Amino acid sequence: MSNGNNENNLIRMFHVYRRYGNKTALVDINIDIKKNEFIYITGPSGAGKTTLLKLLYLGEPISEGQIIIDGVNLARIKKNKIPLLRRKFGIIFQEFKLIPTKNVFENVALVLEAAGKQSRYIQKKVSSMLRAVGMEDRQNSFPLSLSGGEQQRVAIARAMAGDPKIILADEPTGSLDDDSAEQVIELIKEFHARGSTIIITTHDTKLIKKTGGRMIHLKQGRLWSPSNQH
């Protein structure tokens, strides 16, 4: 599934496998993703969608094959360089993963603190991100006092705070009602317009029809298309 011009490819995957003991979760994955592409990874539960995202930010190791991200070969990266690699990513989880003992502002600030930013910059940047997602007036609230849609908007602000090149969103609308889901996708589209590459896993066909973007389909850990039924 190569896209031609290699210079414009931000992510390249060559014959990637992921195994857990005797079980193979991903089989011979070959994908090129260009800078500023909007990609959907679809497929049934257990197809390997979440596993594929985890390999990209080294949340899990690759069993075989190579992934190159922004010129960095993940098979050869030194351990002390992994945090730098991860700063290229903003990650949005279905279950939000906000820290319940920290308020909205503190949850978003964590990314910038980890990157060693100064407090004045953090104050300005977090306020800007919360304004962008319509949550500035809830900055002192704690996650458990927010609705699911509000928590996901905070999670998007956190994911975007570090100005990532790549946003990974794992079923970001999976636990939201239709109105909240639409708001979340509109926010992601706004950040795509600012230049980020977007990779979303989803079951939601309505979502794909509304937003367009390229679709990559996984079935039983393999890339699949109607002309490739095996």
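Residues numbered from 1 in each chain as written. Predicted model: local features only at pLDDT ≥ 70, side-chain atom pairs only at ≥ 80, totals over all residues. Heavy atoms only, no water.

A. Geometry of the side chain of E150. Here E150 is to be found in helix α5 (residues 148-160). Residues contacting E150, with those up to four places away along its chain left out, are M135 and R138. (Helix = DSSP H or I, 4+ residues; strand = E, 2+ residues; numbered from the N terminus. Contact = heavy atoms within 4.5 Å.)

B. A look at the pattern of salt bridges. Using the criterion set out here, one finds 12 salt bridges in the structure. Across the salt bridge formed by E60 and K54, the nearest N and O atoms sit 3.8 Å from each other. E60 sits in the buried class, given a relative accessible area of 13%. Here K189 makes a salt bridge to E186, at a shortest N to O gap of 3.3 Å. Note that K189 and E186 are positioned in helix α6 (residues 178-193) at a spacing of three residues, about one turn of the helix. (Salt bridge = Lys/Arg side-chain N within 4 Å of Asp/Glu carboxyl O. Buried < 20%, exposed > 50% of the residue type's maximum accessible area, 1.4 Å probe, protein only.)

C. Representation of the sheet that holds strand β6 (residues 89-92) in the model. Reading across from one edge, β6-β7-β8-β3-β9-β10 is the order of the six strands in this open sheet, with mixed pairing throughout. Each edge of the open sheet carries a strand with a single partner, namely β6 and β10 (222-223). The sheet contact formed by strand β3 (residues 38-42) and strand β9 (residues 214-219) spans four bridges and is parallel. Of the residues in β9, the one forming a bridge with Y40 is M215. Contacting β6 and β7 (166-170), α5 crosses the sheet at an angle of about 170° to β6. The strands touched by α6 are β3, β6, β7 and β8 (197-201); relative to β8, the strand with the most contacts, the crossing angle is about 150°. (Pairing = 2+ DSSP bridges. Axes fitted to C-alpha atoms, helices over the stretch in contact; angles between N-to-C directions.)

D. Structural view of the packing of aromatic side chains. Counted according to the given criterion, the structure contains one aromatic pair. With a centroid separation of 5.4 Å and 45° between ring planes, the pair formed by F38 and Y40 is classed as tilted. Side by side, F38 and Y40 carry an identical accessibility label, which is buried. For the cation-ring pair, K97 lies above F93, with the distance from its terminal atom to the ring centre recorded as 4.5 Å. The ring of Y121 carries the charged tip of K117 above its face, separated from the ring centre by 5.5 Å. (Phe/Tyr/Trp six-rings, centres within 6.5 Å; stacked < 30°, edge-to-face > 60°. Lys NZ or Arg CZ within 6 Å of the ring centre and 35° of its normal.)

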